[in-house]
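The primary structure of each chain is shown beneath.
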Amino acid sequence: MKNNNTYIISGVLAIAILILYILYFTSSTGKNGAKTGDLNAMMNDSSITLPIAYVNVDSLLMNYNFAKDLNEALMRTEESSRASLNQKERQFNAAAQEFQRKVQNNAFLSQERYDQEQQRLMKMQQEYQQMAERLAQEFALEQQKLNIELSDTVKVSLVEYNKDKGYQIIYSNTGSDNILFADKKYDITQEVTDFLNKKYGPATSASTNTPKTPATTEKK
């Protein structure tokens, strides 16, 4: 319910901003005191573009080279973790099979030796589970860190991008979560992606261990 209320409030605020912007221009008067614009006419005039825009986040992440490099780095981390877990699992399975073979062949000379081997297997299984949990936590933290780095980079770059554009608001849109409908003229996804890739350069993770840091304009 809280998310729905937030969504409704955001939508109302967006509409209010648009109406205020239009009213500002339609309320201006000419030399004789007559209004120079008409609200209905402006609302229906497709040539008028408001100082707002939106970026399709899904498309941006698919085509921004820095995002590609971060995703590639995460995939390598995941593959490394999986390889370590698989090795640990193979070691446990081999030890378990050997233990079972000895049980079937009555190879244990005493109950003490049987108990010792069983405890060793239980410890190996516990270590495997702990390793799986630790690697999962490390991966989640790394993913969170890279997501924050990506988000900060895009936000800082958008400030630089907007210096010459003069947008009052730039929305982010994922699927249809935030914007249910908007004219295509307000979609600046490709333009922003080109701007970001020009600053970052080509994707590099295929040949390097870590993504390079995008150049950003120093804040004054």
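Above: the structure in question.
Numbering of residues starts from 1 in each chain and follows the order in which that chain's sequence is written. A pLDDT threshold of at least 70 governs which residues receive local features in this predicted model, and a stricter bar of 80 or more applies before side-chain atom pairs are shown or counted, although totals over entire chains, interfaces and linings include all residues. The side-chain numbers reported here are obtained from all heavy atoms of the structure, hydrogens and water having been left aside.

1. Here we look at the overall build of the protein chain
Worth spelling out the cut-off: Strands here are runs of E lasting at least two residues and helices are runs of H or I lasting at least four, both read from the DSSP assignment and numbered beginning at the N terminus. Accessible area is worked out with a 1.4 Å probe on protein chains only. A residue is then buried under 20% of its type maximum, exposed over 50%, and partly exposed in between. Should any heavy atoms of two residues lie within 4.5 Å, those residues are counted as being in contact. Each accessible area value is a Shrake-Rupley result obtained with a 1.4 Å probe; residue values ignore everything except the protein chains displayed when judging cover.
Along its length, the protein chain carries six helices and two strands. Put simply, the protein chain runs from its N terminus to its C terminus through helices and strands in the order α-α-β-α-α-α-β-α. Buried residues in the protein chain amount to 24% of all 220 residues. Considering only contacts within the protein chain whose residues lie at least 6 apart along the sequence, 75% involve residues at least 24 apart. Within the structure as shown, the protein chain displays about 15700 Å² of accessible surface, and the carbon and sulfur contribution to it stands at 53%.

2. A word on the packing of helix H5 (residues 111-161) against helix H6 (residues 189-200)
Worth spelling out the cut-off: Only the stretch in contact is used when fitting a helix axis, every axis being a line fitted to C-alpha atoms; angles between N-to-C directions are given from 0 to 180 degrees. Throughout this description, any angle smaller than 35 degrees is read as roughly parallel, any larger than 145 degrees as roughly antiparallel, any in the 65 to 115 degree range as roughly perpendicular, and the remainder as oblique. When residue character is reported, Ala, Val, Leu, Ile, Met, Phe, Trp, Tyr, Cys and Pro are called nonpolar, Asp, Glu, Lys and Arg charged, and the others, Gly included, polar.
Put simply, H5 and H6 touch, their axes get as near as 11 Å, and they point 105° apart. Relative to H6, H5 is oriented roughly perpendicular. Within the contact between the two elements, H5 uses Val154, Ser157, Leu158, Glu160 and Tyr161 and H6 uses Glu191, Val192, Phe195, Leu196 and Lys199. Its residues assigned to classes, the contact of H5 with H6 shows six nonpolar, one polar and three charged.

3. Observations concerning unusual backbone geometry
Backbone geometry at Asn106 places phi at a positive 50°, although glycine is not the residue there. Here Asn106 falls in the exposed class, since its relative accessible area comes to 66%.

4. Side note on the nonpolar core
Quick reminder of the rule: Side-chain atoms within 4.5 Å are what join buried Ala, Val, Leu, Ile, Met, Phe, Trp, Tyr and Cys residues into a set we call a nonpolar core.
Counting 18 residues, the largest nonpolar core has Leu60, Tyr64, Leu150, Val154, Ile188 and Val192 as its most contacted members. Where this core is concerned, the elements lending two or more residues are strand E1 (52-56), helix H4 (65-104), H5 and H6. Counting residues per element, this core draws most heavily on H5, at five residues. For Leu150, the contacting residues outside a window of four places in its chain are Leu61, Tyr64, Phe66, Ala67 and Leu70.

5. Re the side chain of Asp69
This is how it is decided: Contacts described as polar in this section are N or O atom pairs within 3.5 Å, which, within protein, must combine one atom able to donate a hydrogen with one able to accept it, while residues neighboring in sequence count only if both atoms come from side chains.
Checked against the element boundaries, Asp69 lands in helix H4. Within the structure, Asp69 has its side chain in polar contact with the backbone nitrogen of Thr204 (distance 2.9 Å).

6. A closer look at the packing of H4 against H5
How two helices sit against one another is set out by the angle between their axes and by the gap between those axes. Packing of H4 against H5 brings their axes to within 10 Å, and their N-to-C directions diverge by 175°. Taken as axis vectors, H4 and H5 run roughly antiparallel relative to one another. Classifying every residue of the contact of H4 with H5 by side-chain character gives 20 nonpolar, eight polar and eight charged.

7. Topic: the packing of aromatic side chains
The line we're drawing: Two aromatic rings, drawn from Phe, Tyr or Trp (for Trp, its six-membered ring), form a pair once their centres lie within 6.5 Å of each other, and the interplanar angle then sorts them: stacked below 30 degrees, edge-to-face above 60, tilted otherwise.
The full count for this structure, using the stated rule, is seven aromatic pairs. A centroid spacing of 5.2 Å and a plane angle of 50° characterise the contact between Phe66 and Tyr200, whose relative ring orientation is tilted. Residue Phe66 is located in helix H4, and its partner Tyr200 is located in helix H6; the two are separated by 134 residues in the primary sequence. Across the pair, exposure class does not vary: Phe66 and Tyr200 are buried alike. Judged by centre distance (5.5 Å) and plane angle (50°), the rings of Phe99 and Phe108 are tilted. Neither residue differs from the other here; Phe99 and Phe108 are each classed as buried. An aromatic cluster of three or more residues is present, and its members are Tyr64, Phe66 and Tyr200.

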